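# Structural overview
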Amino acid sequence: MEKNTLSQDSELLTEIAVAYYQDEITQEEIARKFGISRIKVGRLLKRAREEGIVEINVRYHPVFSTRLEQQLQNRFPQLQRALIALDQPDQEEQRRQVAALVSSHLAQSLKDDAIVAVGQGRNVAAVADHPGQVPTRNCLFISGIGGTHRPGDAINADHISRRMAKKFGGISETLYAPAYVENRALRDAFMQNGTIKETLDRARKADVALVGIGDMNENSYMVKLGWFTPHEIIDASVNQGVTGDVAGYDFFNSQGQHVDTVMNDRVIGLSIEELRKIPCVIAIAAENTKAMAILGALRTGAIDIIATTAQNIRTILSLSQS
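Because the structure is a prediction, the values reported are computed rather than measured.

The next thing to look at is the environment of Arg 204. The residue Arg 204 is located in helix 9 (residues 194–204) in this model. A relative accessible area of 27% places Arg 204 in the partly exposed class. Distance in space between the C-alpha atoms of Arg 204 and Arg 276 is 9.8 Å, their sequence separation being 72 residues. In this structure, Arg 204 is in contact with Met 191, Lys 197, Leu 270, Glu 274 and Ile 278, ignoring residues within four places of it in sequence.

Structure representation (structure tokens):
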């Protein structure tokens, strides 16, 4: 009985979605046809998007997008691509739009037997969770940083790697280590473990790396994990000139130069120096608060593809003139 109900639900969502998106019937007409309210039609259309029945890919006119991308590449010649999403007022929708571009790029560019090093965070997780069909690729998705037992488990690198492997029909490899330890001596001890060393060695040889770009925000992922206090974030930003991080812990200033912080030598994962040796590093930053962080990340020279918003690109172009 439950299966029949779910099937009928899916059929209704599909029928309404086809009527609205393909046949261009208005929501008012759909409401009359199905004997439901217009508000319910709106809710059902939203559900159809959330469940992957409808996949919307909205892009700027190619001329506009290409022009912004070309301008950015002129400033940062090492950039292979800039994946530019429409600006959205809702942050979650913005994240989905950026994730859709990265997912589409991977679907087109990933080759069989490729190794993909996977970072942590909400923007990287959104790529794994983006609905829609992608070609099967016999790839290895491998954690580029250890894990943490916190409420944010879904945005741990290991959990993301597993979902990416399921999405593309590949396999995943766990980095059996904590992301963060109390001191350098403990980190060095973990790094000498054979299993951890072998996994990190494979991650260092990745063809592609997916990483997030963080900014110095009191509500950041690192504060929620307890790696930094809000006071330490402010201190690093104001007194040390830190503008952002790559992969969750490798900090830099607006010129892309490394800055020492309390996180130094306490994280088990790929460093920015190791990322530089990976042929294609895709950095993702959906939030429009991150322009300065993205600028610093681009200046590190470690980023090959940036996935962000048009607003961020325009701000970066303005900031990098000086």
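This brings us to the side chain of Asp 158. By the element assignment, Asp 158 lies in helix 7 (residues 157–168). At 2.7 Å, the side chain of Asp 158 and the side chain of Thr 174 are in polar contact. Other than its neighbours up to four places away in sequence, Asp 158 contacts Ser 143 and Thr 174.

This next bit is on the pairing of strand 9 (residues 305–309). Successive residues of a regular strand alternate their side chains across the two faces of the sheet. Here strand 9 lies mainly inside the structure; five of its five residues are buried. Alignment of strand 1 (residues 81–85) against strand 9, held across five bridges, turns out to be parallel. Paired with Arg 81 across the two strands is Ile 305, which belongs to strand 9. Where strand 8 (residues 280–284) and strand 9 come together, three bridges link them in parallel fashion. Bridge pairing in strand 9 links Ala 283 to Ile 306. Note on the crossover from strand 8 through helix 13 (residues 291–300) to strand 9: the handedness is right-handed.

The rules behind the values
Residues numbered from 1 in each chain as written. Predicted model: local features only at pLDDT ≥ 70, side-chain atom pairs only at ≥ 80, totals over all residues. Heavy atoms only, no water. Helix = DSSP H or I, 4+ residues; strand = E, 2+ residues; numbered from the N terminus. Buried < 20%, exposed > 50% of the residue type's maximum accessible area, 1.4 Å probe, protein only. Contact = heavy atoms within 4.5 Å. Polar contact = N/O pair within 3.5 Å; in protein donor to acceptor, adjacent residues only side chain to side chain. Pairing = 2+ DSSP bridges. Right-handed = clockwise from strand over helix to strand, strands pointing away.

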